[in-house]
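Overview (structure and organization)
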Amino acid sequence: MMSSSLLFHTFIDGFFPLRFPSHDSSCLLVHRRHFPPSSFPSNRHHIVPSAQSSPVFINSSNCTLLGDEEPSLEMYNRWIRDRCRAGDIDEAMALLSQMEAKGFIPSPLSYSCLMESLGALGRTSECELLFLEMSILGIRPPLRLFNVLLRGFLRKGQLGLSCRLLAVMDALGIHKNRESFEILLDYYVSAGRLDDTWSIINKMRRQGFELTSYVYSRVIGIYRDNGMWKKAIAIVRDIKEMGMLPDHHIYNAVIDSFGKHGELSEALEVFEKMKQEGVTPNVNTWNSLIRWHCKAGDLGMAVDLLTSMQVQGLCPGPKIFTTIISRLGEQGKWDLIRENFQYMKHRGHEDSGAIYAVLVDIYGQYGRFQDPKECICALKSEGLQPSTSIYCLLANAYAQQGLWEQTLKVLQLMEEDGIEPNLIMLNVLINAFGVAGKYLEALSIYHHMEEIGISADVVTYSTLMKAFIRARKFEKVPQIYKEMEAGGCTPDRKARQLLETALTVLEQKNG
């Protein structure tokens, strides 16, 4: 087992080599957001000054403080957990800052709730700091928090940090569970790393984890993505020989494999067989079939599938809805667009607001709303308050056309509504400038992200490289690629292809 002192240095030197100038724990809170008490929404907390001018919280859902009574450690911990469960992570972090200012140390459960909430939002930098604080305070992080950080790092392509995290787990004698392995499996499959995928599967076998249909579906997926779809289909036969009945994981992977390689009739045959064997198609099944029929240009079948899906009481994801509506829009079939949307709306789907946002997104693409403010007003007139995801959808509609002025306007409207721009929105803005050929502006957004403490991910770097390629600034691409690796992001297949394209052009120029 690792001593607490050695563990501390492992975290500082391994996780934060560039972030902290010393091992002084006073540096810990420098990069964490601190929210003043007045930032709490008045409909949830009322701040009442006491005779000593100390803030006192009244929370109708939890407890009430009267007069100059001070919140206790137990109250702070309970409020933090309640705010996390309610999805108000910024308020929870504000409470954390307040309680620490009073000399209170959060409970392990409060730390867990905070980290899990931050991890779900992709705010890994704040997760890292809380994780470090726990270690310095001698609180042993449970396995689920290691998994939270592991998932967050890998989502951003930070393989180097993930490897260090796994090394700390090994040093502490914390063994990976099925979730840990499946997080790694998802990353390697998405990155197209066949050898690493099989390495994880073999480790699972050696440690006695039974391979589930989910694991096999990921194997089918990586064969599909590497163009070996026939080998992917052969895995299904192996599964049956082992006595494992294919479920929706397996069927969905096979349908997607056929669809990606244009074997649509075979995909539909598997779809029918799936139903005959009593396996109910889920949203992913329908989404896959609709997506590949759209890509193949068979819009009639895609619409039929969409209709059948809705009859089953299912609603397609926003991306699929965007795909099919885009194709209908290209053909000028606006009546069919409205008909499908109205059907969804009248069916009372919970996601109807998001679907309408996507519809507005497409109207933006085809010129129905040249001014982003009109789009937002249209949403609000329907009684829908735009969320971060809706703003990102709308911004992306303009960005795809290189309409950077409209994309910037969406960002401004978002900020006017009190919503802070996130990594997704800034990536969209980089893309908008890139499509418009304004690579210097795209680069300025990247530098702005660094200044405000938002960590770039693989998408950021790839989008920036693509902007340089569009502007024929091929010599800049290797530099960005190096910065990506230096930042702890492991390049994915797309990033490697962009680098290869740039290097090929440079080689031809120099040759």
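Quick look at the structure, then. Not measured: the values here are computed from a predicted model.

1. Describing the overall build of the protein chain
Within the protein chain, the regular secondary structure consists of 26 helices and two strands. Classification of the 511 residues of the protein chain by burial places 50% in the buried group.

2. Quick notes on the nonpolar core
In this structure, I80, L114, M115, L130, F146, I290 and I324 are the most contacted members of the largest nonpolar core, which totals 79 residues. Discounting residues that sit within four places of it in the chain, F146 has contacts with F131, P141, L165, V168, M169, L172 and I174. Ranked by size, the runner-up nonpolar core spans 48 residues in total, among them L413, A432, F468 and Y481.

3. Comments concerning the environment of N147
Relative to the elements of secondary structure, N147 occurs in helix α6 (residues 143-155). C-alpha of N147 to C-alpha of K176: the two residues are 29 residues apart in sequence and 8.7 Å apart in space. Excluding its chain neighbours within four sequence positions, the residues that come into contact with N147 are N177, E179, S180 and I183. At a separation of 3.2 Å, a polar atom in the side chain of N147 contacts the side chain of N177.

4. Some words on the pattern of salt bridges
In this structure the tally under the stated criterion is nine salt bridges. We note a salt bridge from E182 to R178, for which the minimum N-O separation is 3.9 Å. Here E182 pairs with R178, and both are found in helix α8 (residues 178-190), just four residues apart, close to one helical turn. Here E182 falls in the buried class, since its relative accessible area comes to 18%.

5. A look at the packing of aromatic side chains
Think of a pair of aromatic rings as described by two things: how far the centres are apart, and how the planes are tilted against each other in angle. Summed over all chains, the structure comprises nine aromatic pairs. For the ring pair W404 and F433, a centre distance of 5.6 Å and an interplane angle of 35° mean the geometry is tilted. Separated by 29 residues along the polypeptide, W404 in helix α21 (residues 404-416) and F433 in helix α22 (residues 423-435) bring together distant segments of the chain. For W404, a relative accessible area of 25% corresponds to the partly exposed category. A residue is classified by how much of its surface remains accessible, and F433, at 5% relative accessible area, is buried. Taking the centre distance of 5.7 Å and the plane angle of 65° together, the rings of Y446 and Y461 count as edge-to-face. One end of the pair, Y446, is in helix α23 (residues 439-451); the other, Y461, is in helix α24 (residues 458-470), with 15 residues separating them in the sequence. The two residues Y446 and Y461 agree in class, both being buried.

6. Overview of the side chain of S462
Assignment of secondary structure puts S462 in helix α24. Its relative accessible area of 4% is what places S462 among the buried residues. Apart from the residues lying within four places of it in its own chain, the contact partners of S462 are D492, A495 and L498.

7. What to know about unusual backbone geometry
Residues other than glycine seldom take positive phi values, yet R472 does so here, at roughly 60°. Of the residues examined, R472 reaches a relative accessible area of 56% and is grouped as exposed.

8. Structural notes on the packing of α6 against helix α7 (residues 159-172)
Helix-helix packing is characterised by the crossing angle of the two axes and by the distance between the axes. Two elements in contact, α6 and α7, have axes whose closest approach is 8 Å; the angle formed by their N-to-C orientations is 165°. By the angle between their directions, the pair α6 and α7 is classed as roughly antiparallel. For the element pair α6 and α7, the recorded crossing hand is left-handed. Contacts from L143, F146, L149, L150, F153 and L154 in α6 reach L159, L161, S162, L165, L166, V168, M169 and L172 in α7.

About the criteria used
- Residues numbered from 1 in each chain as written.
- Predicted model: local features only at pLDDT ≥ 70, side-chain atom pairs only at ≥ 80, totals over all residues.
- Heavy atoms only, no water.
- Helix = DSSP H or I, 4+ residues; strand = E, 2+ residues; numbered from the N terminus.
- Buried < 20%, exposed > 50% of the residue type's maximum accessible area, 1.4 Å probe, protein only.
- Core = buried A, V, L, I, M, F, W, Y, C linked by side-chain atoms within 4.5 Å.
- Contact = heavy atoms within 4.5 Å.
- Polar contact = N/O pair within 3.5 Å; in protein donor to acceptor, adjacent residues only side chain to side chain.
- Salt bridge = Lys/Arg side-chain N within 4 Å of Asp/Glu carboxyl O.
- Phe/Tyr/Trp six-rings, centres within 6.5 Å; stacked < 30°, edge-to-face > 60°.
- Axes fitted to C-alpha atoms, helices over the stretch in contact; angles between N-to-C directions.
- Parallel < 35°, antiparallel > 145°, perpendicular 65-115°, else oblique.
- Left-handed = near helix turned anticlockwise from the far one by under 90°.

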